[in-house]
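One-letter residues, chain by chain:
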Amino acid sequence: MTDPIVDEVIAKFKKRSNIGISKYNTTLKDNNKDNYLYHAQMEAMDFVLYLQKLIDLKLEMTSMAKEYPNDADLGNAIRKFINS
């Protein structure tokens, strides 16, 4: 038995690896030139920014749910928000 979620993530890792190998003409295993601590820090900082964006979106959606108790009105508000 396999977990389809895990399989999906593994496929994404493989795709990302292939893109990196094509772009940089090396594998992570063979690359000894980059400062991995620096790159990891930059990626972590980006991750925190993405989390903040998602937190803000969740707060906005929660606010809309309170403002528009009618499902149709809420749906219209969400569609307007998404398309803005």
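Everything that follows concerns the structure shown earlier in this document.
This structure is a prediction, so every number in the text was calculated from the model and none was measured.

Definitions and limits used
- Numbering of residues begins from 1 in every chain and follows the order in which that chain's sequence is written.
- Under the rules for a predicted model, residues below a pLDDT of 70 receive no local features and side-chain atom pairs below 80 are neither given nor counted, while totals for whole chains, interfaces and linings still include all residues.
- The side-chain numbers reported here are obtained from all heavy atoms of the structure, hydrogens and water having been left aside.
- What goes into a patch is any residue over 30% in relative accessible area without a salt bridge, connected to like charges within 9 Å or, for nonpolar side chains (Val, Leu, Ile, Met, Phe, Trp, Tyr), within 5 Å.
- Using a 1.4 Å probe, accessible areas were evaluated by the Shrake-Rupley method; residue-level cover was limited to the displayed protein chains.
- When a carboxyl oxygen of Asp or Glu lies within 4 Å of a side-chain nitrogen of Lys or Arg, that pair is called a salt bridge.
- Note on conventions: DSSP H or I runs of at least 4 residues are helices, E runs of at least 2 residues are strands, and numbering of each starts at the N terminus.
- What counts as an axis is a line fitted to C-alpha atoms, over the stretch in contact for a helix, and the angles between N-to-C directions run from 0 to 180 degrees.
- Comment on the angle field: the value is read as roughly parallel under 35 degrees, roughly antiparallel over 145, roughly perpendicular from 65 to 115, and oblique elsewhere.
- Here a crossing is called left-handed whenever its near helix is offset anticlockwise from the far helix by less than a right angle, and right-handed whenever the offset is clockwise.
- In this analysis, two residues are considered to be in contact whenever any of their non-hydrogen atoms come within 4.5 Å of each other.
- Gly is put with the polar residues, along with every residue not named as nonpolar or charged; the nonpolar set is Ala, Val, Leu, Ile, Met, Phe, Trp, Tyr, Cys and Pro, and the charged set is Asp, Glu, Lys and Arg.

Chemist: Any chance you could explain a nonpolar patch on the surface here in plain terms?
Modeler: There is a patch of nonpolar side chains on the surface, built from Phe47, Leu49, Tyr50, Leu51, Leu54, Ile55 and Leu59 and spanning about 750 Å² of accessible area. Within the secondary structure layout, Leu54 lies in helix H2 (residues 36-67).

Chemist: Would you mind showing me how to read the packing of H2 against helix H3 (residues 71-82) here?
Modeler: In contact at an axis separation of 10 Å, H2 and H3 are set at 150° when each is read in the N-to-C sense. Relative to H3, H2 is oriented roughly antiparallel. H3 is crossed by H2, and the crossing has right-handed handedness. Contact with H2, carried on its side by Leu57, Glu60, Met61, Met64 and Ala65, involves Leu74, Ala77, Ile78 and Phe81 of H3 and no other residues of that element. Of the residues assigned to the contact of H2 with H3, the class counts are 8 nonpolar, no polar and 1 charged.

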